[in-house]
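Per-entry structural report
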Amino acid sequence: MSTGKSSKHSKKDWERFSSFKQRGEWVELQFMAQAARRRFNVSKPWGDTRAYDVGIEHNQSFLRVQVKSTTSRSGAGYRCMFKPNYLKKRDYSLKEIDLFAAYVIPEDAWYLIPAVLLLGKRRRTMAMLCPVVAPKKKACYRYECYREAWGLLTRSRAVLAQCSVPVSPARSHHKAKQRIPS
C-alpha cells in the first residue's frame, strides 16, 4: 500500500481500511519505516497496553513515540486529534510519552512534536497542521517548525521536555520548516 499520493484507484488507499485501528496500524508502520530509513533503531511494544506506539533508540537515549494521523481537511490545514482511543480510560501523560508523530496522510507530511507542547500546562487535544497552504491565523503556524523534524529523534527526553512553541510565526510558510528547536 502506498501513502496515497499516487493512487490510481478512485478510493485512496487509506480509505480502504475497514477501521481506524487498521489505518492506525498502517500509519505506525509508515512511521517505523521512515525512522529506520533514517538509521534509527525502532522497537514496537507488544500489545496495546503501553501509552506509546513506537520506541526509538539513539545512542543512549530511548524515546517513546505516540503515532497519530489525519485526513481531515479544514480550511488551510488538517485537524489532528491528540487524545487516546475512546476505549482507553485515561489520558496521555508526559511520564509515558516523549514525542508525538503526526502524519498528514493526503500530503505525505510528518510532524514530530514534543509531547510537552500538547500535554504540558495547557492540554491540547487537537492541532491544526498546515503542510500545503499558509494558514491565515498566526496561531496555526505553531507546529510548522516541527514538520519533518526528524532530528528531534536524536534528542534526549530532558531536551524534549524543555521545548516550547515558537512565539512569533514564520514570515513565510516555507521558512517555518527551518525553525527546528535545538
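The sections below set out a description of the structure shown in this document. (Residues numbered from 1 in each chain as written. Predicted model: local features only at pLDDT ≥ 70, side-chain atom pairs only at ≥ 80, totals over all residues. Heavy atoms only, no water.)

With 46 residues, the main nonpolar core has F31, I56, W110, I113, L129 and L153 as its most contacted residues. Broken down by secondary-structure element, the contributors of at least two residues to this core are α1 (20-37), β2 (54-58), β3 (61-70), β5 (77-81), β6 (99-104), β7 (109-114), α2 (115-119) and β8 (126-129). Looking at this core, the element that brings in the most residues is β6, giving six residues. In contact with L153, other than residues within four places in its own chain, are A35, F40, I56, H58, L63, V65, L99 and L112. (Core = buried A, V, L, I, M, F, W, Y, C linked by side-chain atoms within 4.5 Å. Buried < 20%, exposed > 50% of the residue type's maximum accessible area, 1.4 Å probe, protein only. Helix = DSSP H or I, 4+ residues; strand = E, 2+ residues; numbered from the N terminus. Contact = heavy atoms within 4.5 Å.)

By the definition in use, this model includes seven salt bridges. Where K21 meets E25, a salt bridge forms, and the shortest distance between an N and an O atom there is 3.7 Å. Of this pair, K21 and E25 both sit in helix α1, four residues apart, which is roughly one turn of the helix. Taking relative accessible area as the criterion, K21 reaches 46% and is therefore assigned partly exposed. The shortest N-O distance in the salt bridge between R147 and E144 comes to 2.8 Å. Note on E144: relative accessible area 0%, which makes it buried. Within this structure, K21, E25 and D48 form a network of salt bridges that share partners. (Salt bridge = Lys/Arg side-chain N within 4 Å of Asp/Glu carboxyl O.)

This is a description of form; function is not addressed.
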